[in-house]
There are 2 protein chains.
Amino acid sequence: MQAKPDSVIKGDCLEALNTVADESIDLIYLDPPFFSQREHILAKRDGSEEFRFSDNWESLNSYIQFLNVRIELCKKKLKPTGSLFLHCDRSAGHYIKVMLDEVLGRENFQSEIIWTYRRWSNSKKGLLSNHQTIFFYSKSADFKFNQIFDAYSPSTNVDQIMQLRVRDFRNKTVYQKDNNGDSVLAAEKKGVPLGDVWDIPFLNPKAKERVSYPTQKPILLLDRIISLVTHPGDIVLDPFCGSGTTLVAAKIMNRSYIGIDRSGDAVKLSLKRLQNPVKSSSKLLEKGRDSYRKNNSEIESAVKEVGGVTVQRNKGIDGLLKTEVGMVPFKVVLSGDDILNHAQLISKSSSKNKFKKRALFARYKVKTGEVKKIENEFNLIVFTTLSELSEKLRI
Amino acid sequence: MQAKPDSVIKGDCLEALNTVADESIDLIYLDPPFFSQREHILAKRDGSEEFRFSDNWESLNSYIQFLNVRIELCKKKLKPTGSLFLHCDRSAGHYIKVMLDEVLGRENFQSEIIWTYRRWSNSKKGLLSNHQTIFFYSKSADFKFNQIFDAYSPSTNVDQIMQLRVRDFRNKTVYQKDNNGDSVLAAEKKGVPLGDVWDIPFLNPKAKERVSYPTQKPILLLDRIISLVTHPGDIVLDPFCGSGTTLVAAKIMNRSYIGIDRSGDAVKLSLKRLQNPVKSSSKLLEKGRDSYRKNNSEIESAVKEVGGVTVQRNKGIDGLLKTEVGMVPFKVVLSGDDILNHAQLISKSSSKNKFKKRALFARYKVKTGEVKKIENEFNLIVFTTLSELSEKLRI
DNA sequence: AGGGAGCCTGAATCCTCAA
DNA sequence: GTTGAGGATTCAGGCTCCC
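The structure presented is a predicted model; accordingly, all values stated were derived computationally and were not measured.

Peer 1: Break down the overall build of chain A for me, citing the residues and quoting the values.
Peer 2: Secondary structure assignment for chain A yields twelve helices and 19 strands. Residue burial in chain A is summarised as follows: out of 395 residues, 53% are buried. Considering only residue pairs separated by 6 or more positions, chain A has 62% of its internal contacts joining residues 24 or more positions apart. About 18800 Å² of surface is accessible on chain A, with carbon and sulfur atoms providing 48% of the total.

Right under this line is the structure:
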């Protein structure tokens, strides 16, 4: 029996992979259990349904052995020009890499991709872990690869990227000149080749894309992997397809796909998602994290000067200050700003009366009469120094 | 013989470490050769001198063995509350980690720190590697650790930061309410705990901090490591001290230090740097990479729309376009902008007549008369579509 | 074919010059 | 004199080319 393209198979990939033709796959993406030694459960918001899978193992050895035999099979299924991406984290990543080197060959190791994201912090001793690792191997030196370009760093100057350079008699690099003494310009510039550290937002717990499957990966991540090493019409295989993100991404990008999962629930969910493949978008994904940045450097340094915490996403609040009466939100008023307008903004912000006190941090000398008026009318504190603030708080 | 604090010892650390008292060190930072299988050479700017070290090995096994015996020694020298940081890259990092787990205990592995940076690129098949790895192990569960806080992500909103949260009956997180149904505010917020992906600028080739030693690390990186796990007065040990960056950072932060290196040149250089410890500062370090960013999202999306490359560091140029006559710089004119002013800016940019043609990309309907006038006066092309640009270029 | 020499590149600094 | 815009320069990874 032969696995059809664009299908999702229920079963352990150790058996299911035998139904896939040898040397027929362009990209294999594996997102196996990470050796977290725990059960993963995620319930739908309304509690109606829950998905779970077990990530408990007898030993590290048995886990690596489990992967080993499956990777050997995967290797067989890859075209000579194909690539394999394995997603893991620090739980067992290094042992996996040593095994991959053995099975796929150290010379075929292309990249250690770091997927980094911001997520909710849990205060613990040590560094907050906010990355996972993806190992990128090709089957041979002659693998398919589509160069992707990123923007230049903002600190790069045009002259430098546009002008061709040569070496002078002292072997120093200098700008090339033509016979007239004019600079020689580059014919084409596309940007910087994509690096191996990818800052891609973690799937927000509330994102529409979410289907309540534990360890669901953002489509954007799969998107990038698929476009790096495949062309339209190529076949993508995911032996641990889970909620089917890889398959959905492949379908959206006009690639064929084969998904495999041991769990019947996972297969059902994948098939359901594939009927209506959606890629969620958000301001964060489209415009980038910096589009949320509101404060300019003058405001930020004012916040820092008084030891405050910077707040970006609220029109009325520039920072938070720790005081005797708890955290106090404040807005910075620069010379030239309309102080009345600022008073209104901070008063309206966080409407639900969450804060006992709010403050305006004036960076210039405000007239005493105006201070009094604003403080009364808006129930605010206007301050220019920290001691002034704490004095006014004490009253 | 006993190694004195604040000293630099010439010799292989395998022997030199024996002069260090057992359980006396708070932090060991190791930056050994990475198994790059090549010689690292760097000459001084004036060519007067050169520093080199060899990173050639018989086999991966002999390299790991070399490290193994030295790490065992290091472990002995660490205080029970001490930590060890090992710097490496993907050449052998995964094999090192497996060995470290064995020597220091998997339970004492704290973090895989990713040091990421931007650097020169090179057109190659595959992803541009722009990270190195630092493994962070403690000697015991009871290790010294100073929590460091980062700024909140710009997309974080105040309500999230300030309101306490609890888990509801389904174990989902919800905002905590008091008896009146009002939100309960957090007492103090310092920011997000520092993560394990560190974006720290690579030591720039032009930086004054450079001392012409190959593979020199930025002081800022060591700064962060030292402040994470030591207090003033503690002892920092670097068994592969090279140019002495670790020792300089330790000295600046009032920690004691012991450096070891096989090369007499390295020891001499370290001692010299320690006489006058300097930490370089720059606009990038102080204000951040975004301080170079000039274009807003409206301009950037205009540049993207015509397939251009964004330019940030030039007042007169917003982007570059590939055309039949080579790359053409252009500036975006939004409705409401002063088009004459923009024409002046782009004309003045890159003064030395480097570009054959410059253009203004008008995002609104400019009067035909005004277009003619600007094109003649400033020798510019004004366009609203790509086809208009290429048509005008053909003439 | 194998190894070494040299080429290409852009980040971020230093430096220069103009306002 | 001071500020800041932008032009010039160095470094090292990975490639290409040449013997």
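Past the structure itself, the notes keep going.
Peer 1: Lay out helix α6 (residues 245-252) of chain B with the relevant residues and their values.
Peer 2: Residue and element names in this part refer to chain B. Among the eight residues that make up α6, six are buried, leaving the element largely enclosed by the rest of the structure. Here α6 has its buried residues at T245, T246, L247, V248, A249 and A250. Of the surrounding elements, those touching the buried residues of α6 are β1 (7-10), β2 (25-30), α5 (219-229), β13 (235-238), β14 (256-261) and α7 (264-275). Just downstream of α6 lies N254, where phi reads positive at about 60°.

Peer 1: Could you give an account of the sheet that holds strand β7 (residues 131-138) of chain A, with specific residues and numbers?
Peer 2: Residues and elements named next belong to chain A. Taking strand neighbours across the sheet as the criterion, the eight strands line up as β1-β14-β13-β2-β5-β7-β6-β12 in an open arrangement whose pairing is mixed. Sheet topology places β1 (7-10) and β12 (197-199) at the edges, where each strand pairs with a single neighbour. Each adjacent strand pair in this sheet contributes to an overall mean axis angle of 20°, direction not counted. As paired elements, strand β2 (residues 25-30) and strand β5 (residues 78-88) share five bridges and run parallel to each other. Looking at the pairing, L27 lines up with S83 of β5.

Peer 1: If you had to explain empty space enclosed by the protein to someone new, which residues and values would you point to?
Peer 2: Enumeration according to the criterion identifies one cavity of 30 Å³ or more in this entry. Of the volumes computed, that of the largest cavity is approximately 50 Å³. Its residues assigned to classes, the lining of the largest cavity comprises five nonpolar, five polar and no charged.

Peer 1: Describe the protein's contact with DNA strand C, listing the residues and the values that go with them.
Peer 2: Every one of the 23 residues lining DNA strand C counts as a neighbour, but T156, Q160, R165 and K189 of chain A together with N204 of chain B are closest to it. Each atom of DNA strand C within 4 Å of the protein was assigned to sugar, phosphate or base; sugar and phosphate come to 58%. In this structure, a base nitrogen belonging to DNA strand C sits 2.5 Å away from a side-chain N or O atom of Q160 of chain A. R118 of chain B has a polar side-chain atom sitting 3.5 Å from a phosphate oxygen of DNA strand C.

Peer 1: Go over the protein's contact with DNA strand D, please, and point to the residues and values.
Peer 2: Taken together, 26 residues are adjacent to DNA strand D, and N157, D159 and K172 of chain A together with R38 and P205 of chain B come closest. For DNA strand D, the backbone makes up 64% of the atoms found within 4 Å of the protein, where backbone means sugar plus phosphate. The contact in question runs from a phosphate oxygen of DNA strand D to an N or O atom on the backbone of K315 of chain B, over 2.9 Å. For the surface near DNA strand D, the residue count by class is four nonpolar, eight polar and 14 charged.

Peer 1: Residues and numbers for the packing of helix α2 (residues 60-77) of chain A against helix α3 (residues 93-104) of chain A, please.
Peer 2: All names here are of chain A. Packing of α2 against α3 leaves a shortest axis separation of 10 Å and a crossing angle of 35°. Here the hand of the crossing between α2 and α3 comes out right-handed. Along the contact surface, α2 presents L60, Y63, I64, L67, N68, I71, E72 and K75, while α3 presents Y95, I96, M99, L100, V103 and L104. Its residues placed into classes, the contact of α2 with α3 shows eleven nonpolar, one polar and two charged.

Peer 1: Give me the lowdown on the environment of R38 of chain B, citing residues and values where you can.
Peer 2: Residue and element names in this part refer to chain B. Mapped onto the secondary structure, R38 falls in strand β3 (residues 38-43). Taking the C-alpha atoms as reference points, R38 and W57, 19 residues apart in sequence, are found 8.7 Å from one another. Look past the residues within four positions of R38 in its chain and what remains in contact with it is S54, D55 and N56.

Peer 1: I'd like to hear about helix α10 (residues 339-348) of chain B, residue by residue, with values.
Peer 2: Residues and elements named next belong to chain B. Turning to α10, its buried residues number three or more, namely I339, H342, A343 and I346. Down the axis of α10, the sector holding all buried residues measures 100°, keeping them to one side. Structurally, α10 contributes buried residues whose contacts are with β17 (326-333), β18 (359-362) and α11 (368-378). Put simply, D338 is the residue that caps the front of α10, since its side-chain oxygen is 3.1 Å from the backbone nitrogen of L340.

Peer 1: Can you break down unusual backbone geometry residue by residue, with the values?
Peer 2: One non-glycine residue, N254 of chain A, adopts positive backbone phi at about 60°. Residue class for N254 of chain A comes out exposed when judged on its relative accessible area of 57%.

Peer 1: Could you give me a rundown of the pairing of β7 of chain A, with the residues and numbers involved?
Peer 2: All names here are of chain A. Counting buried positions over the eight residues of β7 gives eight, a clear majority of the element. Neither face of β7 is open: one carries H131, T133, F135 and Y137, the other Q132, I134, F136 and S138, and all of them are buried. Here β5 runs beside β7; their pairing, made up of six bridges, is antiparallel. When the bridges of β7 are listed, C88 appears paired with T133. Here strand β6 (residues 109-116) runs beside β7; their pairing, made up of seven bridges, is antiparallel. Looking at β7, one finds that T116 is bridged to H131.

Peer 1: Report on the packing of aromatic side chains, specifying residues and quantitative values.
Peer 2: Inspection of the entire model under this criterion finds 32 aromatic pairs over all chains. Summarising the aromatic geometry, the rings of Y117 of chain B and F202 of chain B are spaced 5.0 Å apart at their centres and angled 50° between planes, so their arrangement reads as tilted. On the criterion of sequence distance, the pair formed by Y117 of chain B in the loop between β6 (109-116) and β7 (131-138) and F202 of chain B in the loop between β12 (197-199) and α5 is long-range, its members being 85 residues apart. The exposure class of Y117 of chain B is buried, given its relative accessible area of 3%. Ring pairs connect the aromatic residues F35, W57, Y63, F66 and F240 of chain A, which therefore count as one cluster. Its guanidinium or amino end placed over the ring of F109 of chain A, K97 of chain A lies 4.1 Å from that ring's centre, counting from NZ or CZ.

Peer 1: Please give an account of the pattern of salt bridges that cites residues and values.
Peer 2: All names here are of chain A. Under the defined criterion, the tally for this structure stands at 24 salt bridges over all chains. For D12, the salt bridge goes to R262, with nearest N and O atoms at 4.0 Å. In this pair, D12 is assigned in the loop between β1 and α1 (13-16) and R262 in the loop between β14 (256-261) and α7 (264-275), connecting sequence segments 250 residues apart. Judged by its relative accessible area of 15%, D12 is buried. On the basis of relative accessible area, R262 is assigned to the exposed category, the value being 52%. Residues E388 and K392 are paired through a salt bridge, measuring 3.2 Å at the closest nitrogen-oxygen approach. One end of the pair is E388 and the other is K392, both in helix α12 (residues 386-394) and four residues apart, which spans about a single turn. Accessibility expressed as a relative area gives 23% for E388, which makes it partly exposed. Salt bridges here are not isolated pairs; linked through shared partners, they connect D26, K79, K144 and D234.

Peer 1: Can you lay out the nonpolar core for me, pointing to particular residues and giving the numbers?
Peer 2: If you look at the biggest cluster of nonpolar residues, it comprises 38 residues, and the most contacted ones within it are Y63, I96 and L100 of chain A. Listing elements by their share of this core, those giving two or more residues are α1, β2, α2, β5, α3, β7 and β14 of chain A. For this core, the element with the most residues is α2 of chain A, which contributes eight residues. Beyond its immediate stretch of four places on either side in the chain, Y63 of chain A contacts P33, F34, F35, W57, A92 and I96 of chain A. Counting 37 residues, the second-largest nonpolar core is a separate cluster that includes L17, W57, M99 and L237 of chain B.

Rules of the game
- Residues numbered from 1 in each chain as written.
- Chains lettered and ligands numbered in written order.
- Predicted model: local features only at pLDDT ≥ 70, side-chain atom pairs only at ≥ 80, totals over all residues.
- Heavy atoms only, no water.
- Helix = DSSP H or I, 4+ residues; strand = E, 2+ residues; numbered from the N terminus.
- Buried < 20%, exposed > 50% of the residue type's maximum accessible area, 1.4 Å probe, protein only.
- Contact = heavy atoms within 4.5 Å.
- Areas by Shrake-Rupley, 256 points an atom, 1.4 Å probe, with all protein chains shown as cover.
- Pairing = 2+ DSSP bridges.
- Axes fitted to C-alpha atoms, helices over the stretch in contact; angles between N-to-C directions.
- 1 Å grid on protein atoms, 1.4 Å probe; cavity = no way out; pocket = protein on both sides within 12 Å on 5 of 7 lines; lining within 4 Å.
- Points joined across faces, edges and corners; volume = space filled by probe spheres on them.
- Nonpolar A, V, L, I, M, F, W, Y, C, P; charged D, E, K, R; others polar.
- Near = heavy atom within 4 Å.
- Polar contact = N/O pair within 3.5 Å; in protein donor to acceptor, adjacent residues only side chain to side chain.
- Left-handed = near helix turned anticlockwise from the far one by under 90°.
- Arc of directions from axis to C-beta.
- Phe/Tyr/Trp six-rings, centres within 6.5 Å; stacked < 30°, edge-to-face > 60°.
- Lys NZ or Arg CZ within 6 Å of the ring centre and 35° of its normal.
- Salt bridge = Lys/Arg side-chain N within 4 Å of Asp/Glu carboxyl O.
- Core = buried A, V, L, I, M, F, W, Y, C linked by side-chain atoms within 4.5 Å.

Taken by themselves, the reported measurements are silent on function.
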